[in-house]
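Inside the fold
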Amino acid sequence: MSLESGLYIHWPFCARICPYCDFTITRSRDEDTARWVAEYVLDLEKFRERMGARQLASIYFGGGTPSLLPASAVGQLIEAADRLFGLTPKAEITLEANPTDAEISHFAGFRSAGVNRLSLGVQSFDDAQLSFLGRNHGGAEARRAVDVAASTFEAYTLDFIYALPDEDLAAWEARLNDILTVGAPHLSLYQLTVEPETAFAKAVGRGDWQPMPDERAAGLYALTQSMTASAGCPGYEISNHARPGAEAKHNSLYWRGADWIGIGPGSHGRLTLDSGRVAIAGRPAIREWLDIPYKERYDEERLDEEAQLIELLAGGLRQSVGLDLNLLKEEQTASVLSVTSALRDDGMLRQESDRLMIPEDHRLITDYIISRLVGAL
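Figured I'd write up the structure that's included with this text. Given the structure is predicted, the values throughout are model-derived calculations rather than measurements. (Residues numbered from 1 in each chain as written. Predicted model: local features only at pLDDT ≥ 70, side-chain atom pairs only at ≥ 80, totals over all residues. Heavy atoms only, no water.)

A look at the overall build of the chain
- Helix and strand content of the chain: 15 helices and 16 strands.
- Against the 2.2 N^0.38 benchmark of 21 Å for 377 residues, the chain shows a C-alpha radius of gyration of 21 Å, consistent with a compact globule.
- Here the analysis covers contacts within the chain between residues at least 6 apart in sequence; of these, 69% occur between residues at least 24 apart.
- Entry remark: accessible area of the chain is about 16,800 Å², with carbon and sulfur atoms responsible for 50%. (Helix = DSSP H or I, 4+ residues; strand = E, 2+ residues; numbered from the N terminus. Rg over C-alpha atoms; globule rule 2.2 N^0.38 Å. Contact = heavy atoms within 4.5 Å. Areas by Shrake-Rupley, 256 points an atom, 1.4 Å probe, with all protein chains shown as cover.)

Topic: helix α9 (residues 214-230)
- In this model α9 runs 24 Å from its N-terminal to its C-terminal C-alpha over 17 residues, within 8% of the 24 Å that 1.5 Å per residue would give.
- Every buried residue belonging to α9 is among A217, L220, Y221, L223, T224, Q225, M227 and T228, and all of these are buried. (Expected span 1.5 Å × (residues − 1). Buried < 20%, exposed > 50% of the residue type's maximum accessible area, 1.4 Å probe, protein only.)

Re the nonpolar core
- Ranked by internal contacts, the top residues of the largest apolar core, which has 70 residues, are F47, F107 and L120.
- Ignoring sequence-local partners within four residues, the contact set of L120 consists of A97, N98, P99, F107, A145, V146, A149, T157, L158 and D159.
- Formed by 16 residues, the second largest nonpolar core is a distinct cluster that contains L323, L343, M348 and I358. (Core = buried A, V, L, I, M, F, W, Y, C linked by side-chain atoms within 4.5 Å.)

Considering the environment of D367
- Inspection of the secondary structure puts D367 in helix α15 (residues 366-376).
- Relative accessible area serves as the criterion here: at 56%, D367 is assigned to the exposed category.
- Put simply, D367 and S353 are 14 residues apart on the chain and 23 Å apart in space, counted from C-alpha to C-alpha.

Structural notes on the sheet that holds strand β14 (residues 323-324)
- Spatial ordering of the open sheet is given by β14-β16-β15, a layout of three strands whose pairing is antiparallel. The open sheet has two edge strands, β14 and β15 (350-352), and neither has a second partner.
- As judged from the three bridges shared by β15 and strand β16 (residues 355-357), these two strands associate in the antiparallel manner. Looking across to β16, one finds that R350 is bridged to M357. (Pairing = 2+ DSSP bridges.)

Describing the packing of helix α1 (residues 33-51) against helix α2 (residues 71-84)
- Two numbers describe how α1 lies on α2: the axes approach to 10 Å, and their chain directions differ by 15°. Compared by their axis directions, α1 and α2 come out roughly parallel. Handedness of the crossing formed by α1 with α2: right-handed. On α2, the residues touching T33, V37, Y40, V41, L44, E45 and R48 of α1 are A73, Q76, L77, A80, A81, R83 and L84.
- Of the residues in the contact of α1 with α2, the class split is nine nonpolar, two polar and three charged. (Axes fitted to C-alpha atoms, helices over the stretch in contact; angles between N-to-C directions. Parallel < 35°, antiparallel > 145°, perpendicular 65-115°, else oblique. Left-handed = near helix turned anticlockwise from the far one by under 90°. Nonpolar A, V, L, I, M, F, W, Y, C, P; charged D, E, K, R; others polar.)

Quick notes on the pattern of salt bridges
- All chains considered together, the criterion is met by 19 salt bridges.
- Between R297 and D43 there is a salt bridge whose closest N-O contact spans 2.8 Å. Taken together, the residues R297 in helix α11 (residues 294-297) and D43 in helix α1 connect sequence positions 254 residues apart. Assigned by exposure class, R297 and D43 land together as buried. (Salt bridge = Lys/Arg side-chain N within 4 Å of Asp/Glu carboxyl O.)

Topic: α2
- Taking 1.5 Å per residue, 14 residues should reach 20 Å; α2 reaches 20 Å between its end C-alpha atoms and fits that length.
- Looking only at α2, the buried set comprises A73, V74, G75, L77, I78, A80, A81 and L84.
- Considering only its buried residues, α2 is in contact with β1 (5-11), α1, β4 (56-63), β5 (87-97) and α4 (107-113).
- The positive-phi residue at the C-terminal boundary of α2 is G86, with phi of around 85°.

Quick look at the pairing of strand β12 (residues 276-282)
- Counting buried positions over the seven residues of β12 gives six, a clear majority of the element.
- Sheet analysis places strand β11 (residues 268-273) next to β12, joined by six bridges and oriented antiparallel. Its bridge partner lying in β12, L271 is registered against V278.
- In this structure, the hairpin formed by β11 and β12 is closed by a connection of two residues.

With respect to the pairing of strand β7 (residues 155-162)
- β7 sits mainly inside the fold: seven of its eight residues count as buried.
- Relative to β7, strand β6 (residues 117-123) runs parallel, the two being bridged by six bridges. Following the sheet pairing, L120 is matched in β7 by L158.
- Alignment of β7 against strand β8 (residues 186-191), held across six bridges, turns out to be parallel. By the bridge assignment for β8, L158 is matched with L187.
- Taking the sense of rotation as the criterion, the β-α-β connection linking β7, helix α7 (residues 169-182) and β8 turns out right-handed. (Right-handed = clockwise from strand over helix to strand, strands pointing away.)

Next up, the structure:
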């Protein structure tokens, strides 16, 4: 396992809670940012004591809405990570942002603080769709944000949500064509999902509206793959599309079973230590976080070989290039290949040299294929 690692920093505060979101978040209430940053630095110091020397190939500020942070606070955390771990020469440092006018004004400051990749949560350019999605920006504001992001960052990604309840194939085709015309180097295109306990789940439960049926959603997904590929921004993972060389480095750590630190409430990390590989999760006690000692902030679970194999399969098969079988132990590879014949006969899996992949026409049912494969092991 490579000692090159990543860092995920979770900022759990938002100006508004979106009705589809099930992350560990809460509404911002004039947080004591200086104290939060100081405690996050202490957490990093504790992880450094446990892990030893590891260079960071990526830092990802997620949330929540980390673009609510002052640029100076973002810079402090980047500097602390560099001091404690060191950054690789081409380390990717990503920050998620919303396209509001208030946050747009901070883009240049984030760039000066060390952020070199912006992830912009546009979701739509249509005002009615943005209202349905509970966003606190409009379409014109979103387009301004995209222009500023493109002029400030060489690397940036735009997030959009599609397969809305009343969105037919023609409507999504027109919307996606508009999105592709922007020319972003990276797009994250997510079909709307209704997660338990969210405001959308309650609305669906009341019968206010119904999610798009799977067969219709499949048609929109197929159209998405075709159009993005034709535009030179093909899918390299189920929901992620990039021009050659613009793929997200941080996310690839997850998909190929590398190590990453996660700090903050609701964060997740994976570390390979002398004791084995462990999953570490920040407890979701946002309002109590600052008063909880480090040892009580994070839950840990040692992953046995079966759990590690399942994670490698689930991550690797999400990618268009598939799972690198060299990441598995020899006996694991033999076990996996021994149970794939039925899936290969059904056209759901294909092996090319040392890679196992899901063909493009079956990628919409990736979760089903992975569950069948895992169940057969």
